[in-house]
Amino acid sequence: MRRICVMGTGYVGLVSGACLADFGNAVVAVDIDETRVELLRSGEVPIYEPGLEELVDRNRESGRLSFSSDVAFAIQSSEIVFICVGTPSLPSGEVDMSFVHNAARTIGQYMEDFKIVVNKSTVPVGTGDEVEQIIRKVRPDADFDVVSNPEFLREGSAIDDFMHPDRVVIGAGSQRAMEAVVDVYRPLYQNDTPMVLTGIQSAEMIKYASNALLAAKISFINEIASVCEAYGADVTAVARGMGLDERIGPRNLFAGAGYGGSCFPKDVQGLAATARRGEVDAPLIEAIDTSNVRQRRRMVDKLHHLVGDFSNKTICLLGLSFKPDTDDIREAPALEMVASLIEAGATVKAYDPAAMEHSKQEHPDLICCEDPYTAAQDADAVVLMTEWNEFRNMDLPRLLDCAATNRFLDCRNIYDPHEMVRLGFEYVSVGRVSRSPGESDDTSSWMIPGRFSPIRT
Ligand code: UGA
């Protein structure tokens with residue numbers, strides 16, 4: 001059991017704090033936002049993440065997890081301090097490191113004895129050295145070690161990702177720090193989770209390089225989808241055929257509306273900026289984001305092609321969050337669609353199981369509806385932007401009845417094109433042949449629907 005202070009009760013801090021407490025460590029999570037700390041103390045979890053509330057409750061009740069705004073006390077009473085603060089993007093694409101730097105200064109200011117300072121925030125390579133220099137400047141005599149321990153949590157499955165990770169990456173400059181942080185993850189170590197024990201710079205690079213490659217896979221399959229459309233191929237069959245090669249793998253090969261969220265766009269731009277700062281020519285890394293921006297734009301163009309001029313049209317959007325199972329709309333492709341439509345004079349009616357409140361704050365003109373059918377009422381087109389499970393089981397004939405036309409743009413390829421046409425939709429998706437009712441389709445009698453869908457893991 002280790003005494004841990006987690007600085008920051010945002011997404012990463014809260015999930016990591018609760019999970020580290022569940023491993024048996026004594027965790028105090030601190031935040032400078034007193035209202036947030038009060039909320040957490042009263043048992044409320046201000047984040048939408050399946051399983052998090054129960055986990056926080058359980059560990060709070062057992063006394064292993066507490067919340068405080070007394071940063072000095074939290075630092076002084078811990079052996080290990082995890083920095084879990086935000087690292088947003090600056091307009092230049094560079095990473096805003098001010099929260100990490102402030103956290104390092106605070107640690108230097110309050111520490112009284114040996115501390116292990118673990119950076120969990122996603123940061124450019126070289127941050128470990130910066131953190132060390134900042135603490136050293138505040139406290140030239142201090143005894144401390146800096147460690148990099150990046151997180152690989154996905155929103156919506158963060159608890160499971162923390163408890164059953166593919167790997168744990170720890171980058172340290174000393175044996176005592178490495179041993180202490182390995183000990184924090186003892187339950188995983190005992191479960192044979194692979195541990196990558198390396199230097200600080202390498203650990204920092206592992207995080208950026210992993211996110212950039214995952215994002216690159218998405219941009220790659222999105223470009224392949226466009227080529228498929230030009231030649232009548234089906235990107236879901238192509239992705240499946242590619243993904244069965246173990247060197248490629250089936251995951252992150254879903255063509256769609258482009259990637260969003262608080263990580264991929266920011267981290268890919270951050271890596272490109274890091275390469276530029278190091279005077280490294282990295283055209284492939286630069287292209288990942290450019291390709292994603294185009295993919296999002298392509299969805300707007302597809303809709304334009306389907307319905308014509310947007311002005312005075314009513315468009316129904318299904319899904320607003322950047323992916324299912326979250327209320328997060330940061331960099332969500334759906335929000336870019338909303339902005340383009342509203343700007344061009346369309347009326348936008350939307351339904352999302354969790355993200356309507358946030359979306360409405362950003363776009364007060366957006367009409368939020370209580371279910372997909374109300375959103376589709378009198379719509380000139382229905383556009384599926386986020387693949388929430390409840391859309392997979394929708395009453396599609398009812399949806400068709402509600403809408404003013406039969407046009408359907410599926411930006412996530414969740415329906416079978418043959419079935420959609422059979423139901424009477426004019427169906428457009430991503431990287432697959434567009435179909436209208438009445439068009440001859442000589443493959444539908446022998447091509448097994450779904451047979452070519454990529455493996456979802
Ligand atoms: C991502 C990484 O997957 C995590 O490993 C990482 O820890 C996290 O960023 C982070 O750096 O904190 P997350 O942003 O929660 O996690 O979401 P993903 O599930 O990876 O999805 C990101 C975006 O890619 C979504 O917009 C999703 O719709 C899109 N996507 C994903 C596709 O368009 N196609 C795919 O095949 C997969």
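Please read all numbers here as calculations on a predicted model, not as lab measurements.

## Focus on empty space enclosed by the protein
Right, on to step 1. Enumeration according to the criterion identifies 1 cavity of 30 Å³ or more in this entry.
Right, on to step 2. Lining the largest cavity, in full, are Asn119, Ser121, Thr122, Val123, Ser148, Pro150, Ala203, Glu204 and Lys207.
Right, on to step 3. Broken down by element, the lining of the largest cavity gets its largest block of residues, 3 residues, from helix H10 (residues 200-231).
Right, on to step 4. Of the residues assigned to the lining of the largest cavity, the class counts are 3 nonpolar, 4 polar and 2 charged.

## What to know about the packing of H10 against helix H11 (residues 235-243)
Right, on to step 1. Viewed as axis vectors pointing N to C, H10 and H11 meet at an angle of 130 degrees, and their least axial separation amounts to 9 Å. The orientation of H10 with respect to H11, classified from their angle, is oblique. The interaxial crossing formed by H10 with H11 has right-handed handedness. Only Val235, Val238, Ala239 and Met242 of H11 make contact with H10, whose side of the interface consists of Phe220, Ile221, Ile224, Ala225 and Cys228.

## With respect to the site of the ligand
Right, on to step 1. The ligand sits among 19 residues. The nearest are Phe152, Leu153, Glu155, Lys207 and Asn211.
Right, on to step 2. Lysine 207 places a polar side-chain atom, nitrogen or oxygen, 2.6 Å from an oxygen atom of the ligand.
Right, on to step 3. Protein chains bury 90% of the 710 Å² of accessible surface belonging to the ligand in isolation.
Right, on to step 4. Counting only elements with at least two residues in the shell around the ligand, the list comes to H10 and helix H12 (264-277).
Right, on to step 5. Here the element with the most residues in the shell around the ligand is H10; it accounts for 3 residues.
Right, on to step 6. Here the residues of the shell around the ligand sort into 9 nonpolar, 3 polar and 7 charged.

## Structural notes on the nonpolar core
Right, on to step 1. Ranked by internal contacts, the top residues of the largest apolar core, which has 63 residues, are Leu303, Leu317, Leu320, Met337 and Tyr415.
Right, on to step 2. Non-local contacts of leucine 320, meaning those with residues more than four positions away in its chain, are made with Ile329, Ala332, Ala334, Leu335, Val338, Ala350, Asp352, Ala355, Met356, Ser359, Leu366 and Thr386.
Right, on to step 3. Val15, Phe82, Ala172 and Met178 belong to the second-largest nonpolar core, a separate cluster that totals 45 residues.

## Some thoughts on the packing of aromatic side chains
Right, on to step 1. All chains considered together, the criterion is met by 8 aromatic pairs.
Right, on to step 2. Ring centres 5.5 Å apart and planes at 85 degrees place the aromatic pair phenylalanine 408 and phenylalanine 425 in the edge-to-face group. In this pair, phenylalanine 408 is assigned in strand E13 (residues 407-410) and phenylalanine 425 in the loop between helix H19 (417-423) and strand E14 (426-428), connecting sequence segments 17 residues apart. With respect to class, phenylalanine 408 is no different from phenylalanine 425; both count as buried.

## Observations regarding the side chain of lysine 217
Right, on to step 1. Looking at where lysine 217 falls in the secondary structure, it is placed in helix H10.
Right, on to step 2. The buried charged residue lysine 217 lacks any salt bridge, with aspartate 245 as its nearest oppositely charged partner at 10 Å.
Right, on to step 3. In this structure, lysine 217 is in contact with Ile248, Gly249, Arg251, Asn252 and Leu253, ignoring residues within four places of it in sequence.

## Looking at the sheet that holds strand E11 (residues 367-368)
Right, on to step 1. Strand order in the open sheet formed by 6 strands is E11-E10-E9-E12-E13-E14, and the pairing between neighbours is parallel. Both edges of this open sheet fall to E11 and E14, since each of them pairs with a single strand only.
Right, on to step 2. Against the sheet, helix H13 (residues 283-307) engages strand E9 (314-318), strand E12 (381-384), E13 and E14, with an angle of about 165 degrees to E13.
Right, on to step 3. Here helix H14 (residues 333-343) sits on the sheet and contacts E9, strand E10 (347-351), E12 and E13; the angle it forms with E9, its principal contact strand, is near 170 degrees.

## Looking at the packing of H10 against H13
Right, on to step 1. Interhelical geometry of H10 versus H13 gives an angle of 40 degrees and a closest axis separation of 9 Å. Here H10 lies oblique to H13, going by the angle between them. Considering only the axes of H10 and H13, their crossing is left-handed. Between H10, through Ala212, Ala215, Ala216, Ser219, Asn222, Glu223, Ser226 and Glu229, and H13, the contact on the second element is made entirely by Ile288, Ser291, Asn292, Gln295, Arg298 and Lys302.
Right, on to step 2. Looking at the contact of H10 with H13 residue by residue, the class counts come to 4 nonpolar, 6 polar and 4 charged.

## Points about the domain arrangement of the protein chain
Often, the extent of an interface is quoted as the loss of accessible area on bringing the components together.
Right, on to step 1. According to the domain assignment, the protein chain consists of domain 1 (3-205) and domain 2 (228-428).
Right, on to step 2. The C-alpha-based centres of domain 1 and domain 2 are spaced at 33 Å.
Right, on to step 3. Each partner contributes residues to the interface: domain 1 has 16 residues there, and domain 2 has 20 residues.
Right, on to step 4. The junction of domain 1 with domain 2 conceals about 1,300 Å² of combined surface from both sides, 46% of it contributed by carbon and sulfur atoms.
Right, on to step 5. When the buried surface of domain 1 facing domain 2 is broken down by residue, Tyr48, Glu94 and Glu155 rank first, second and third, together holding 43% of it.

Definitions and limits used
- Residues numbered from 1 in each chain as written.
- Predicted model: local features only at pLDDT ≥ 70, side-chain atom pairs only at ≥ 80, totals over all residues.
- Heavy atoms only, no water.
- 1 Å grid on protein atoms, 1.4 Å probe; cavity = no way out; pocket = protein on both sides within 12 Å on 5 of 7 lines; lining within 4 Å.
- Points joined across faces, edges and corners; volume = space filled by probe spheres on them.
- Helix = DSSP H or I, 4+ residues; strand = E, 2+ residues; numbered from the N terminus.
- Nonpolar A, V, L, I, M, F, W, Y, C, P; charged D, E, K, R; others polar.
- Axes fitted to C-alpha atoms, helices over the stretch in contact; angles between N-to-C directions.
- Parallel < 35°, antiparallel > 145°, perpendicular 65-115°, else oblique.
- Left-handed = near helix turned anticlockwise from the far one by under 90°.
- Contact = heavy atoms within 4.5 Å.
- Near = heavy atom within 4 Å.
- Polar contact = N/O pair within 3.5 Å; in protein donor to acceptor, adjacent residues only side chain to side chain.
- Areas by Shrake-Rupley, 256 points an atom, 1.4 Å probe, with all protein chains shown as cover.
- Core = buried A, V, L, I, M, F, W, Y, C linked by side-chain atoms within 4.5 Å.
- Buried < 20%, exposed > 50% of the residue type's maximum accessible area, 1.4 Å probe, protein only.
- Phe/Tyr/Trp six-rings, centres within 6.5 Å; stacked < 30°, edge-to-face > 60°.
- Lys, Arg positive; Asp, Glu negative; His and termini not counted.
- Salt bridge = Lys/Arg side-chain N within 4 Å of Asp/Glu carboxyl O.
- Pairing = 2+ DSSP bridges.
- Domains from an automatic or database assignment.
- Buried area = accessible area lost by both parts, 1.4 Å probe.

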